[in-house]
Amino acid sequence: MTVRIGIDFGTANTVVARWVEHLGRGEPVSLDGVDLVRPGHLGVDQRVIPSLVAYSPSHDRRWLGAQVLGLTDPDVAVFQSTKSNVTGRTVDIARRVGERRISGREAATQFLGDVTALAVLTVGVDDLEIVATAPVETFDTYRDWLVREVGDGIAAARLRVVDEATAAAVGYSARMSPGDVFCVFDFGAGTLDISVVRIAAPDTAVASAAVRVIAKVGLDLGGNHIDALLAEHAVAAAGVPDADPVAYNRIFRGLLASAEAAKVTLTDRPHAVIHSGQHSAEITRVDFERLLRDKDILGRVNRALRKVLDGAAAKGYPSGEIAGVFLVGGTSLIPAVQDLLRMQFDPSVVHLDRPLEAVAAGAAAIAGGQELHDHIQHDYAIRHIDPRSGVHEFEVLVEAGTAYPTTTPVSSLTIRAINDGQRQFGIAVYELTHATGGTGADLEIMFDANGGARTVAVTAQRHQERTRLWLNEDSPTFLVADPPAAAGTDRFRLEFRIDSQKRLTVSAFDIERRTWVLERYPVVRLA
């Protein structure tokens, strides 16, 4: 029998779920010793694995998840929030652990590999299919890490990757009816993903309803960002000295951990205390909400939500037709965030139903056969040199929102030789991420080699590097002209399509020889 599981590696918590056929939904898998049960909304308990891994100085022992929470030995190195190190969106400084140095990316790979191995042992079958989730905004980089590094340790299982927003939508689909349109608001520790989806009627071949994604947006914004702002507030209020950078970073890391606890406390209490050693600062919920407004956290969330709703409305699904709004992720518990959503929607349609488990349950449901119809998240363009100005320009091949797979070409173009006798031809394909949205994070948390922490500003140059990603830098040429081409002469006509695996494919017609030389050749994978 094939067992199908979903795994959601979160910045703060990780969840493993199993597809239960007779229930028609994904249910959490108990991994005794490393997971714990946390109280959820309206008294509904949720099973999670804290996303923590710790190493002894001698490297003869490693602890995972809940095992880490009880450690008191100061020589044990604890790694947390390592998910952001995987995508390169935070600076990853390797920490000295005994005689070795361990990076956050290595710790993340070890953690998720160990959790996956434990899940495989727990379900105890030879035929296993795993669906893991990846953030919308960094899907390609994150998927490659899952497949190439984490996946190496689970060769016996079939591994697929889907984006977190879609998985969350599928996780809630069992509670909806065909034709319903709903919104998933996934606000976790590392990212915010918002999607509007529609439940389509099942066909004769598929027992479950299909989920069609209508619009979605992702931001580099989450609970960790808010924790950092709270810690900075405490630094200023408590007058923490900064003359000794090492001591400051150690104090700041303590304040960062306390800020997370204070954030949780402020979800249902009027005030909390942020402390580290002898340094402490009180913060009220009023202060907290003012901080969220002043630092434009609520503004950015609101703009992302409006972008999604406007995109859905443009496709014929106005916000008034949204039957339910489902909140996912621990940051969704902040009252000011919930108030923002209730201002956009009828409060009766806003639900907070098992926010920590929904993504993993949706991934398990996808493994169990829930049909998906999705669209491309970003703009994709080719880079070329303008002959008049001599500067690089970008021409969009695939627009964000394009449904796939496509049967007809999404775009076409003709390429010509630059030099006489040219044989090699190709194109440079770029992903344009937030090229005009201005939604990148303005600060990030940096952990130092001693385990301390501080916040650093994201520079304009680093933001620009993130917004334009050259996807086929290693293999930009894929056409050979035989006979060689003459300079300035049109040589190949290209047609672009997107296949069912979300790959941009090209068909190439040799104009001189009047024959097709490539037929739907995969160039890059899109997100």
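The notes below deal with the structure included here. Throughout, a residue's number is its position along its own chain's written sequence, starting from 1. Two thresholds apply to this predicted model, a pLDDT of at least 70 for residue-level local features and 80 or more for giving and counting side-chain atom pairs, whereas whole-chain, interface and lining totals are computed over all residues. Note: side-chain values were computed over all heavy atoms of the structure, leaving out hydrogens and water.

1. Section: the overall build of the protein
For the record, the criterion: Each helix is a run of H or I in the DSSP string that is no shorter than four residues. Each strand is a run of E no shorter than two, and both are numbered from the N terminus. Exposure is judged per residue with a 1.4 Å probe applied to protein chains only, and the accessible area is read against the type maximum: over 50% gives exposed, under 20% gives buried, and values in between give partly exposed. The accessible surface values rely on the Shrake-Rupley method and a 1.4 Å probe; as for residues, cover is taken only from the protein chains in view.
In terms of regular secondary structure, the protein is built from 12 helices and 32 strands. Evaluated residue by residue, the protein yields a buried proportion of 52% over its 527 residues. As presented, the protein carries roughly 23300 Å² of accessible surface, and 49% of it is formed by carbon and sulfur atoms.

2. Let's talk about the sheet that holds strand S30 (residues 490-498)
The cut-off we apply is this: The pairing criterion is simple: DSSP has to find at least two bridges between the two strands. Angles run from 0 to 180 degrees between N-to-C directions of axes, and those axes are lines fitted to C-alpha atoms, restricted for helices to the stretch in contact.
Sheet architecture is open: four strands sit in the order S23-S30-S31-S32, paired in antiparallel fashion. A strand with exactly one partner marks an edge of an open sheet, and here the two such strands are strand S23 (411-416) and strand S32 (515-525). Between one strand and the next, the sheet's axes are offset by a mean angle of 25 degrees, whatever the strand orientation. By the bridge criterion, seven bridges tie strand S31 (residues 503-510) to S32 in an arrangement that is antiparallel. Each bridged residue has a counterpart across the sheet, and for Thr505 the counterpart in S32 is Pro522.

3. Re the nonpolar core
Let me state the cut-off plainly: Here the nonpolar core consists of buried residues drawn from Ala, Val, Leu, Ile, Met, Phe, Trp, Tyr and Cys, with membership extended through side-chain atoms lying within 4.5 Å. Any two residues whose heavy atoms approach within 4.5 Å at even a single point are treated as in contact.
Within the largest apolar cluster, 55 residues are counted, with the highest numbers of intra-cluster contacts made by Phe185, Val196 and Phe345. Among the elements that line this core, the one with the most residues is helix H9 (residues 297-314), at eight residues. Apart from the residues lying within four places of it in its own chain, the contact partners of Phe345 are Leu305, Leu309, Ser319, Ile322, Val325 and Val350. Formed by 34 residues, the second largest nonpolar core is a distinct cluster that contains Leu31, Ala108, Phe111 and Phe139.

4. Topic: the side chain of Ser332
Within the element layout of this structure, Ser332 appears in the loop between strand S18 (322-328) and helix H10 (335-344). Residue Ser332 is classed as buried on the basis of its relative accessible area, which comes to 0%. If we ignore the near neighbours within four places in the chain, the residues touching Ser332 are Phe185, Phe187, Leu327, Gln338 and Leu352.

5. As for the packing of H9 against H10
As a reminder, the rule being used: Crossing handedness: left-handed means the near helix sits turned counterclockwise from the far one by under a right angle, and right-handed means the same turn made clockwise. Here the nonpolar group is Ala, Val, Leu, Ile, Met, Phe, Trp, Tyr, Cys and Pro; Asp, Glu, Lys and Arg are the charged ones; every other residue, Gly included, is treated as polar.
One way to put it is that H9 packs onto H10 with a least axis distance of 11 Å and a crossing angle of 35 degrees. Crossing of H9 against H10: the hand is right-handed. Contact residues: H9 offers Leu298, Val301, Asn302, Leu305, Arg306 and Leu309, while H10 offers Ala336, Val337, Leu340, Leu341 and Gln344. The residue makeup of the contact of H9 with H10, split by class, is eight nonpolar, two polar and one charged.

6. Some thoughts on the packing of aromatic side chains
Our working definition: Here a pair means two rings of Phe, Tyr or Trp (six-membered ring of Trp) with centres within 6.5 Å. Their orientation is stacked below 30 degrees between planes, edge-to-face above 60, and tilted elsewhere. The criterion for a charge sitting over a ring is simple: Lys NZ or Arg CZ within 6 Å of the ring centre, and within 35 degrees of the ring normal.
Applying the stated rule across the entire model yields 12 aromatic pairs. Here Phe185 and Phe187 contribute two aromatic rings whose centre-to-centre distance is 5.9 Å and whose plane-to-plane angle is 90 degrees, an arrangement assigned as edge-to-face. Of the residues examined, Phe185 reaches a relative accessible area of 0% and is grouped as buried. Taking relative accessible area as the criterion, Phe187 reaches 0% and is therefore assigned buried. Site record: aromatic cluster; members linked through ring pairs are Phe9, Phe111, Tyr142 and Trp145. Sitting over the ring of Trp470, Arg383 keeps its end group 5.1 Å from the ring centre. For Arg491, the ring lying beneath its charged end belongs to Phe492, and the centroid distance is 5.7 Å.

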